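# Structural description and commentary
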Amino acid sequence: MFCFQCQEAARNVGCDTIGVCGKEPEVANLQDLLIYTIKGLCYVCEKSNYLDNKVMDYIPKALFVTITNVNFDKDDVINYIKKGIELREEIIEKTNLNKEELPECAKFICKDEKEMLEFAKPEVVGVLSEKDEDIRALKELITYGIKGIGAYLTHAMRLNYNNEEIHKFIIRAFTKLVDSKDADELFNLALETGKYAVETLALLDKANTETYGHPEITEVSLEVGNNPGILITGHDLKDLEELLEQTKGTGVDVYTHCEMLPAHYYPFFKKYEHFKGNYGNAWWKQKEEFEKFNGPIVVTTNCLVPPKDSYKDRVYVTNEVGYPGLKRIPEKDGKKDFSEVIEHAKKCPPPTPLESGKIIGGFAHNQVLALADKIIEAIKAGKIRKFVVVAGCDGRHRTREYYTEFVKKLPKDVVVLTCGCAKYRFIKLDLGDIDGIPRVLDAGQCNDSYSLAVVALKLKEVLGLEDINDLPIAYNISWYEQKAVAVLLALLYLGVKNIVLGPTLPAFLSENIIKVLVEKFGISQISTVDEDIKRLVG
Ligand code: FSO
Ligand code: SF4
């Protein structure tokens with residue numbers, strides 16, 4: 001295996017024996033083969049100008065399967081590969097494409113696990129098949145950005161929002177990855193990936209807010225009640241909706257974990273009295289927290305950590321998530337049946353209390369813009385000197401303690417804009433407010449990154465500025481997996497310069513590509529807390 005797609009890649013080079021995330025070598029190789037299969041399918045679609053609902057349903061989900069901490073189950077990956085080959089062959093037949101002229105990824109056939117594992121070598125189908133370091137870096141940057149787009153698009157599609165143009169872009173981009181060796185062309189394609197990341201995030205924002213209302217300022221309890229509970233984690237709001245409906249009146253409470261916390265901010269979910277509060281922290285602490293929760297846990301998307309035997313029988317998965325031995329929530333006609341989990345919960349003791357108090361959040365674009373007058377006033381009066389976006393993902397490395405220190409040490413006239421699970425590094429600290437505006441404004445999930453862009457663009461307009469970089473906003477982004485790569489490319493597309501990235505720069509970027517990103521966009525890695533406060537806040 002060879003995988004370097006996330007921030008925790010071994011030695012910041014790549015995982016080559018087993019994933020730091022727990023991904024087994026066979027699964028890693030099969031996921032490479034799945035990406036290879038998707039590329040072949042895209043190639044065939046592009047060359048025959050073909051797109052249908054089956055393709056639009058398959059590609060984003062198949063991409064989602066390969067994102068860090070989503071699926072560790074080889075059987076699931078094998079099924080996706082088989083499905084991809086099947087779709088591709090159907091299209092070749094329908095459109096009379098000449099097989100002889102197709103590249104290997106668009107014509108290989110592997111019938112079973114054995115054939116797949118023999119074929120799926122990192123040097124043949126994986127990232128090492130590209131020998132040129134810089135071309136490889138650009139291709140992987142685009143691939144990971146598109147994986148992120150695939151995940152966001154899957155979420156939007158789950159709520160029946162779709163945009164064919166995004167699918168067409170994915171198809172065109174993967175075809176280019178098969179064909180192109182031209183660094184300039186690939187660099188431009190990376191920026192275009194950012195453009196479509198913005199489009200996809202906007203579509204998802206529309207899907208979420210039209211379905212569940214605009215997030216509003218909300219206090220979320222961190223305490224537990226006396227009823228048995230179900231803990232729901234990941235990012236899928238539709239799963240949460242169905243779970244809340246089906247647990248109504250059963251005596252079972254529902255708690256959010258990690259990236260599901262922002263669900264509490266939506267008006268729609270407030271009507272459920274048994275929707276209790278948030279339990280725990282960012283994904284990487286789940287081993288300890290799932291243990292203490294005592295009841296069943298539903299994992300709807302990333303980030304799943306390989307479960308301990310002590311609670312494994314209480315973990316259920318949905319959607320693209322998979323891990324050998326975990327139970328899957330049955331689905332019929334697109335609707336999930338949570339009855340088994342609910343019965344399971346009834347037999348469990350209530351959760352062990354972890355914390356007390358509350359979190360305040362709900363500062364997505366609509367809510368922040370409702371406060372715009374107050375904010376502008378505070379800026380003009382010099383009460384708010386600057387905003388710093390400290391957003392993205394959390395992770396288990398000790399170096400990430402930097403983010404807690406950074407936020408703690410910021411001058412009192414600086415406001416933090418956040419989203420994603422990165423917020424768990426500081427959301428529970430009491431950092432006070434500025435004229436009633438909290439010093440940490442949480443917009444929601446990493447899926448809500450678009451909110452921060454809307455706020456920036458609106459402020460630019462209100463303040464009559466020419467350039468997004470003239471705003472009093474600095475960016476200190478912590479990344480972990482591929483959705484964060486999509487968000488980073490989105491920010492670059494929007495013209496944001498001087499982003500500080502951490503805790504490390506991506507292992508998949510070559511020195512030359514990093515140099516270009518530094519020259520063109522002023523991207524840099526985190527340094528010490530003091531130095532970064534000096535350069536970001538002044
Ligand atoms: Fe976190 Fe995991 Fe939302 Fe990521 S839970 S790390 S960017 O997968 O998805 O913020
Ligand atoms: Fe390693 Fe990250 Fe790949 Fe997992 S996803 S194998 S931790 S680089």
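Only a predicted model underlies this, so the values are computations on that prediction, with no experimental measurement involved.

## Some thoughts on the overall build of the protein chain
What the protein chain contains, in helices and strands, is 18 helices and 18 strands. With respect to the three principal axes, the spread of C-alpha positions in the protein chain is 70 × 60 × 40 Å. Looking at the 538 residues of the protein chain, the share that counts as buried comes to 62%. For the protein chain, contacts bridging at least 24 residues in sequence account for 74% of all contacts bridging at least 6. As displayed, the protein chain has an accessible area near 20500 Å², and 48% of this comes from carbon and sulfur atoms. Across the protein chain, 69 positive and 82 negative side-chain charges occur, with their mean positions spaced 2 Å apart.

## Some words on the domain arrangement of the protein chain
By domain assignment, the protein chain separates into domain 1 (10-211), domain 2 (218-346) and domain 3 (363-536). One C-alpha centre belongs to domain 1, the other to domain 3; they are set 29 Å apart. Listed by partner, the interface residues are 35 residues for domain 1 and 30 residues for domain 3. Across the interface of domain 1 and domain 3, roughly 2800 Å² is buried in total on both sides, 69% from carbon and sulfur atoms.

## Overview of empty space enclosed by the protein
With the rule as written, the count across this model stands at nine cavities of 30 Å³ or more. The calculated volume of the largest cavity comes to roughly 240 Å³. Residue lining of the largest cavity: 22 residues in total, with C419, C446, S449, V487 and L491 positioned closest to the centre. Counting residues per element, the ones that place at least two in the lining of the largest cavity are helix 7 (183-212), strand 11 (386-392), helix 15 (449-462), strand 16 (473-478) and helix 16 (482-493). Take the lining of the largest cavity: its biggest share by element is five residues, from helix 16. Looking at the lining of the largest cavity residue by residue, the classes come out as 18 nonpolar, two polar and two charged. Summarising the domain contributions, the lining of the largest cavity has at least three residues from each of domain 1 (10-211) and domain 3 (363-536).

## Observations regarding the layout of surface pockets
In this structure, the largest pocket occupies an estimated 670 Å³ of space. Lining the largest pocket are 26 residues; nearest its centre among them are K61, R158, N319, E320 and E331. Those elements that provide at least two residues to the lining of the largest pocket are helix 2 (53-65), helix 3 (74-95), helix 5 (133-158) and helix 8 (237-247). In terms of residue class, the lining of the largest pocket is made up of six nonpolar, eight polar and 12 charged. Two domains each provide a minimum of three residues to the lining of the largest pocket, namely domain 1 (10-211) and domain 2 (218-346). Empty space within the second largest pocket amounts to approximately 510 Å³. Forming the walls of the second largest pocket are 31 residues, and the residues nearest its centre are K39, V125, G126, S129 and E140. Elements that contribute at least two residues to the lining of the second largest pocket include exactly helix 1 (25-48), helix 5 and helix 6 (164-179). For the lining of the second largest pocket, the class distribution of residues is 14 nonpolar, six polar and 11 charged.

## Details of the side chain of K423
With respect to the helices and strands, K423 occurs in the loop between strand 12 (414-418) and strand 13 (433-434). Among the polar contacts made by the side chain of K423, one reaches the main-chain carbonyl oxygen of G420 at a distance of 3.0 Å. Every residue in contact with K423, bar those within four places of it in the chain, is listed here: E259, L261, P262, T418, D442 and G444.

## Some remarks on the site of ligand 1
Every one of the 14 residues lining ligand 1 counts as a neighbour, but E259, C303, C421, C446 and E481 are closest to it. Within the backbone of C421, one N or O atom sits 3.2 Å away from an oxygen atom of ligand 1. Between an oxygen atom of ligand 1 and a side-chain N or O atom of E481, the distance comes to 2.4 Å.

## Some points on the packing of aromatic side chains
For the structure on display, the rule yields 23 aromatic pairs. Here the aromatic rings of F108 and F119 are separated by 5.2 Å at their centres, their planes lie at 35 degrees, and the arrangement is tilted. Here F108 is found in the loop between helix 3 and helix 4 (113-119), whereas its partner F119 is found in helix 4, with 11 residues between them in sequence. F119 matches F108 in its accessibility class, with the two residues each being buried. Summarising the aromatic geometry, the rings of Y279 and F293 are spaced 5.1 Å apart at their centres and angled 75 degrees between planes, so their arrangement reads as edge-to-face. Residue Y279 is found in the loop between strand 4 (275-278) and helix 9 (286-293), and its partner F293 is found in helix 9; the two are separated by 14 residues along the sequence. Y279 gets classed as buried once you look at its relative accessible area, which sits at 1%. Above the face of the F108 ring, R88 is positioned so that its terminal group lies 5.2 Å from the ring centre. Cation over ring: K271 sits above F268, and NZ or CZ is 3.6 Å from the ring centre.

## Let's talk about the sheet that holds strand 3 (residues 253-256)
On the basis of which strands lie adjacent, the open sheet formed by six strands has the order 4-3-2-5-6-7 and parallel pairing. Edge positions in the sheet fall to strand 4 and strand 7 (327-328), since each has one partner strand and no second. Bridge count between strand 5 (residues 297-299) and strand 6 (residues 315-317): three bridges; the pairing is parallel. Its bridge partner being in strand 6, V298 is matched across the sheet by Y316. On the sheet, helix 9 packs against strand 2 (229-233), strand 3 and strand 5 and is oriented at approximately 160 degrees with respect to strand 2.

## Topic: the site of ligand 2
The immediate surroundings of ligand 2 are formed by M1, C3, F4, Q5, C6, A9, C15, G19, V20, C21, K23 and T68. The residue inventory of the shell around ligand 2, partitioned by class, reads eight nonpolar, three polar and one charged.

Thresholds, definitions, all that
Residues numbered from 1 in each chain as written. Chains lettered and ligands numbered in written order. Predicted model: local features only at pLDDT ≥ 70, side-chain atom pairs only at ≥ 80, totals over all residues. Heavy atoms only, no water. Helix = DSSP H or I, 4+ residues; strand = E, 2+ residues; numbered from the N terminus. Buried < 20%, exposed > 50% of the residue type's maximum accessible area, 1.4 Å probe, protein only. Contact = heavy atoms within 4.5 Å. Areas by Shrake-Rupley, 256 points an atom, 1.4 Å probe, with all protein chains shown as cover. Lys, Arg positive; Asp, Glu negative; His and termini not counted. Charge placed at Lys NZ, Arg CZ, Asp CG, Glu CD. Domains from an automatic or database assignment. Buried area = accessible area lost by both parts, 1.4 Å probe. 1 Å grid on protein atoms, 1.4 Å probe; cavity = no way out; pocket = protein on both sides within 12 Å on 5 of 7 lines; lining within 4 Å. Points joined across faces, edges and corners; volume = space filled by probe spheres on them. Nonpolar A, V, L, I, M, F, W, Y, C, P; charged D, E, K, R; others polar. Polar contact = N/O pair within 3.5 Å; in protein donor to acceptor, adjacent residues only side chain to side chain. Near = heavy atom within 4 Å. Phe/Tyr/Trp six-rings, centres within 6.5 Å; stacked < 30°, edge-to-face > 60°. Lys NZ or Arg CZ within 6 Å of the ring centre and 35° of its normal. Pairing = 2+ DSSP bridges. Axes fitted to C-alpha atoms, helices over the stretch in contact; angles between N-to-C directions.

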